[in-house]
Amino acid sequence: MRPQDVAALAAEMAVAGITRLELAGPNYTLTLGRGAAPADQGAKSPESEAEADLLPVTAPALGTFLRTHPLHEKPLAADGDAVVAGQAIALLRVGALLTPVPAPADGLVVGALPEEGSLVGYGDRLFDFLPQD
Amino acid sequence: MIEILSQSAFASVQDLGRFDAVRWGVGTAGAMDRLALLVGNLLLGNPEDAAGVEAQVFPFEVRFEADLTFALTGADCAAILDGVPVLPWASTAAHAGQVLRLGLPQAGRWRGARAYLTVAGGVDVPMVLGSRSTQLRGAIGGLDGRMLRHGDRLPAGDAPAATLVAGVVPPGLALPLEADGLPSVRVLPAAEYGAFTDASLARFWTEPWKITPQSDRYGFRLAGAGLELKTQLETRSHGIVPGVIQVPHSGQPIVQMCDAQPSGGYPKVGTVIEADLWRLGQMPIGTRFRFLRVDWEAALAARDAVDGWLAEVRRVAGLLRARKAA
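Residues numbered from 1 in each chain as written. Chains lettered and ligands numbered in written order. Predicted model: local features only at pLDDT ≥ 70, side-chain atom pairs only at ≥ 80, totals over all residues. Heavy atoms only, no water.

1. Notes on the interface of chain B and chain A
Chain B puts 23 residues into the contact, and the matching count from chain A is 21 residues. Contact between chain B and chain A buries roughly 2,000 Å² in total, counting both sides, with carbon and sulfur atoms accounting for 67%. Of all residues in chain B, B:Leu87, B:Val169 and B:Arg323 bury the most surface against chain A, accounting for 27% of the area lost on that side. Where chain B meets chain A, there are zero salt bridges. The tally of links from chain B across to chain A stands at six residue pairs in polar contact (both at pLDDT 80 or more). (Contact = heavy atoms within 4.5 Å. Buried area = accessible area lost by both parts, 1.4 Å probe. Salt bridge = Lys/Arg side-chain N within 4 Å of Asp/Glu carboxyl O. Polar contact = N/O pair within 3.5 Å; in protein donor to acceptor, adjacent residues only side chain to side chain.)

Set out below in structure tokens:
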């Protein structure tokens, strides 16, 4: 069991919708859980007036965070871009599969929190989003 | 129903092809990029050989007359659904009345020439000789055996229980094949290979070949360093399949594609392997590419690699669908 195997197993769990996995080998036991509330939820500090209006966009699944489609050279939605509700603003990649992250409302993509290509977990905050009427 | 809005669509209904009627002289037809059609069907939960629409002239526009889930695969045409960008190589939900517009194929990181529109339930035209593919030469299959045109309405079959709104990393990126900076396809030498001069054969493998504008679903006419026979050959017409590379008197090869007739008499220098036909089918006119020589074992290994990639897509799509249904 190598560290990268743990990440792969976690990704498989996400795809299969498994929330708890226990694995025993000859010289190790491994327990993986997902779906627990992110630790820092609610720790958001109200830095400005605008902050209160921002809508957090969270990860609908586990995967590698991609703002740019593998076929494209430009992001699906750059910082400051106006998008409509349901439009894909990022992708979460697990193996061959790409799960779209939809815009929660009509509005502006303010900025992304994770680095491009980093692994994000279910419920992780991905974007600050400014809804517009 | 899906209504074709483009004036001169030059698109056709295709499935994986008609392989049971070749003995009667009926060509296979079928999608030029079978992987793209297959992946669209996999995302939608359709039977893998369900029919879709192959578009090759853009812009291409359709209107959905009912709520449905569709998938776009093949060439990335920067599609928009009522003004909203649609992901390439992904499935998307549409509402009745919405218009889907495919623009010009984008260069991006992989450029294709043909886009595939699949819908949940498949395009439900009648089966003819075991397939829904449009066979232009015989004017059978598809919609009245012809290319689609403005005002045509295509019926969609009953939608499967669980469709996904998800995408995949395209095979053009997952299974790249280049040699010396040019896209490539692998070739097995064919029956008359030894009848060409050694210098010709050396050029065949080392020089790039260009896809001329006289290329379509019937065949790709190539331009490059011409090939010469040692002595003139008289061959009777014999059975040929998509992928066969014929060399007419001009010395400029023709690769038979999906709408090729199933017999021909020109000498055959090689055959593009089955695993790489989708690559060739997606190369735009003007593309310069190379032929790479392989043996039988390597051709089978290449097919295994494609099958392995498809199995992975099938597996993750199946897992997601099972979770959705649960």
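2. What to know about the domain arrangement of chain B
Residues and elements named next belong to chain B. For chain B, the assigned domains read domain 1 (2-167) and domain 2 (178-294). Contact with domain 1, which involves 26 residues of that partner, is made by 17 residues of domain 2. Carbon and sulfur atoms make up 57% of the surface buried where domain 1 meets domain 2, a total of about 1,700 Å² over both sides. Our count for the domain 1 to domain 2 interface comes out at one salt bridge. The shortest N-O distance in the salt bridge between Glu54 and Arg217 comes to 2.8 Å. Inspection of the domain 1/domain 2 interface yields nine residue pairs in polar contact (both at pLDDT 80 or more). (Domains from an automatic or database assignment.)

3. What about the packing of helix α1 (residues 34-44) of chain B against helix α5 (residues 296-325) of chain B?
All names here are of chain B. Here α1 crosses α5 at 15°, and the two axes come no closer than 9 Å. With respect to their mutual orientation, α1 and α5 come out roughly parallel. Crossing of α1 over α5 shows right-handed handedness. For the pair formed by α1 and α5, the contact residues are Leu35, Leu38, Val39, Leu42, Leu43 and Leu44 on the first element and Val306, Trp309, Leu310, Val313, Arg314, Ala317 and Arg321 on the second. (Axes fitted to C-alpha atoms, helices over the stretch in contact; angles between N-to-C directions. Helix = DSSP H or I, 4+ residues; strand = E, 2+ residues; numbered from the N terminus. Parallel < 35°, antiparallel > 145°, perpendicular 65-115°, else oblique. Left-handed = near helix turned anticlockwise from the far one by under 90°.)

4. Some details on the pairing of strand β4 (residues 63-66) of chain A
Residue and element names in this part refer to chain A. Strand direction decides the pairing type here: β4 and strand β9 (residues 119-120), joined by two bridges, are antiparallel. Opposite Thr64, over in β9, you have Leu119 as the bridge partner. Direction of pairing for β4 relative to strand β6 (residues 88-94): antiparallel, over a ladder of three bridges. When the sheet's bridge partners are listed, Thr64 is paired in β6 with Arg93. (Pairing = 2+ DSSP bridges.)

5. Section: the sheet that holds strand β10 (residues 125-131) of chain A
All names here are of chain A. Taken in spatial order, the four strands of this open sheet run β3-β10-β8-β5, and their pairing is antiparallel. Across the chains shown, the open sheet's two edge strands, defined by having one partner strand only, are β3 (55-58) and β5 (82-83). In this structure, strand β8 (residues 107-112) lies alongside β10, joined through five bridges in antiparallel fashion. Considered in β10, the bridge of Ala112 is made with Phe127.

6. What to know about the packing of aromatic side chains
Residue and element names in this part refer to chain B. Tallied over the full model, the rule gives eight aromatic pairs over all chains. A centroid spacing of 6.2 Å and a plane angle of 45° characterise the contact between Tyr193 and Trp205, whose relative ring orientation is tilted. Taken together, the residues Tyr193 in the loop between β14 (182-189) and α3 (198-206) and Trp205 in helix α3 connect sequence positions twelve residues apart. Looking at Tyr193, the relative accessible area reads 14%, which means it is buried. Here Trp205 falls in the buried class, since its relative accessible area comes to 17%. Following the ring pairs from residue to residue traces out a cluster consisting of Tyr193, Phe204, Trp205, Trp209, Phe289 and Phe291. A cation over an aromatic ring shows up here: Arg23 above the ring of Trp24, its NZ or CZ 4.5 Å from the ring centre. (Phe/Tyr/Trp six-rings, centres within 6.5 Å; stacked < 30°, edge-to-face > 60°. Buried < 20%, exposed > 50% of the residue type's maximum accessible area, 1.4 Å probe, protein only. Lys NZ or Arg CZ within 6 Å of the ring centre and 35° of its normal.)

7. Observations concerning the pattern of salt bridges
All names here are of chain B. Taken as a whole and assessed by the stated rule, the structure comprises 17 salt bridges over all chains. Between Glu3 and Arg63 there is a salt bridge, with its nearest N and O atoms 2.9 Å apart. Taken together, the residues Glu3 in strand β1 (residues 2-4) and Arg63 in strand β4 (residues 60-64) connect sequence positions 60 residues apart. Exposure remark for Arg63: the relative accessible area of 31% places this residue in the partly exposed category. When the shortest N-O distance is used, the salt bridge between Arg153 and Glu65 registers 2.7 Å. One end of the pair, Arg153, is in strand β11 (residues 153-154); the other, Glu65, is in the loop between β4 and β5 (68-74), and 88 residues separate them in sequence. Taking relative accessible area as the criterion, Arg153 reaches 44% and is therefore assigned partly exposed. In this structure Glu65 comes out as partly exposed when scored by relative accessible area, which is 31%. Residues joined in a network through salt bridges with shared partners are Glu54, Arg114, Arg217 and Asp259.

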